[in-house]
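# Coordinate inspection notes
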Amino acid sequence: MSPRRPLFGWRRMLTGTAVAGLGLALTPATATTAGAAARHPFGPYGSPRHRRNERTLYVDSQGRGDHPTVQAAVDATPDAPERGWTLVIAAGTYRETVLVSGAKTGLTLLGATRDARDVVIVFDNAAGTPKPGGGTYGTGGSATATIQADGFTATHVTFANDWLRADHPEVTATQAVAAKVTGDRSAFEECRFLGHQDTLYADTPGLTAFARQYYRRCHVEGDVDFVFGRATAVFDRCELRALPRDVSFLPYGFVFAPSTAVANPYGYLATRCRVTGEAPDASYGLARPWRPSGDPTAVPMLTVRETWIGPVLDTVAPYVNMSSGYPWQEARFGEYRNSGPGAAAPVPENRPRLTPEQAAGRTISAHLGGWRPPV
């Protein structure tokens, strides 16, 4: 895959429709795609063979399915089913927050057009947004989609948070999560996660719980710590895209901020990915170690291997400290056989390199611990 060709982008997020708050003119999809979606809102998933499946529900904001919203369809599925349910989502913008509670195990979300740009779940809460009943949402509460159930799968769906700092200068807590995922055995294929600060919260339900997550050919973009949390998360052939910021300081932000629990032998793994960006050269860091106030013993772990890293990355100081008194050198950071202008090491001690023996223990199979994702 060419390093110059972006996988996806905000500007082609939805067929012929602008999404409020993005401030971008979106490019319509081809007439063929748009026409097919109009004739067959559920695409190949709407065939009689698929519709005979009693464990499938159809979501369409235009009223051509079983439910007009994603949340309504989630709520209509049974708790703790013996076999998982599937929601087929027609093209459209679903402006809502979605909660997949822990009881909704084995749930699958499918974008009907097989193009994540067409199926967009989006909302605009930030950590500092006032709640109707008082207080604010906080970082986790700001999520557009909250996935708590084990065995969750999503394919060809966009999860977005279009809250913008410029529109809310009075808000200082600017974290705005597109998706918070805490369930074990969570899998995402060709999905997009769009936001700015704290876009994808790949986490666990508690300090003692390990949650395995797998992201295949996904696109994640943002600016500050836009992939963060303590999950055991694998990013396989994903694009991690740094956005420009109207600020006067460097770095503009960081791609990763893992907070792996000390007892967890595996944290984040990015393998065969691409780190790209529209921001100026050397304006982003690769990671900083997050020690949350609720877990001061965390030892964040990140492995980036066989990944193309673009010029957006600061090669002199790709890692910096995040928590006071906790240097990044004490985190479990490592790189292996990366390429591209952002993979250079003008200061070798600032780029922790894995030996072949160490890299042999930081693989997809090791991180997933015997689980084979369905995607």
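Residues numbered from 1 in each chain as written. Predicted model: local features only at pLDDT ≥ 70, side-chain atom pairs only at ≥ 80, totals over all residues. Heavy atoms only, no water.

## Some details on the sheet that holds strand E16 (residues 227–229)
Defined as follows: Pairing between strands is defined by DSSP: at least two bridges between them are needed. The numbering of helices and of strands both runs from the N terminus, where a helix is a DSSP run of H or I of at least 4 residues and a strand a run of E of at least 2. Note on method: axes are straight lines fitted to C-alpha atoms, helices fitted across the in-contact stretch only, with angles between N-to-C directions ranging 0 to 180 degrees.
As summarised here, the arrangement of the seven strands in space is E4-E7-E10-E13-E16-E19-E22, forming an open sheet in which the pairing is parallel. Each end of this open sheet is capped by a strand with a single partner; those strands are strand E4 (98–100) and strand E22 (284–287). The average undirected angle you get between the axes of adjacent strands in this sheet is 15°.

## Concerning unusual backbone geometry
Worth spelling out the cut-off: Only protein chains enter the calculation, and the probe is 1.4 Å; a residue is then buried if its accessible area is under 20% of its type maximum, exposed if over 50%, and partly exposed in between.
Geometrically, the link from leucine 250 to proline 251 is a cis peptide bond, its omega value of -10° lying close to zero. Among the structural elements, proline 251 can be located in the loop between strand E18 (239–242) and strand E19 (253–258). One non-glycine residue, arginine 114, lies in positive phi territory at about 60°. Structurally, the position occupied by arginine 114 is in the loop between strand E5 (108–111) and strand E6 (119–123). For arginine 114, a relative accessible area of 47% translates into the label partly exposed.

## What to know about the environment of tyrosine 58
Summarising the element assignment, tyrosine 58 is placed in strand E1 (residues 56–59). Spatially, the C-alpha atoms of tyrosine 58 and leucine 110 are 9.7 Å apart, while their sequence positions differ by 52 residues.

## Notes on the pattern of salt bridges
Put simply, the rule reads: Note on definitions: salt bridges are taken to be side-chain nitrogens of Lys or Arg within 4 Å of carboxyl oxygens of Asp or Glu.
Throughout the structure, instances matching the rule amount to 18 salt bridges. When the shortest N-O distance is used, the salt bridge between arginine 272 and aspartate 236 registers 2.9 Å. Taken as a pair, arginine 272 in the loop between strand E20 (268–271) and strand E21 (274–277) and aspartate 236 in strand E17 (residues 232–236) lie far apart in primary sequence, 36 residues in all. On the basis of relative accessibility, which here comes to 1%, the residue aspartate 236 falls in the buried class.

In short, geometric facts, not functional conclusions.
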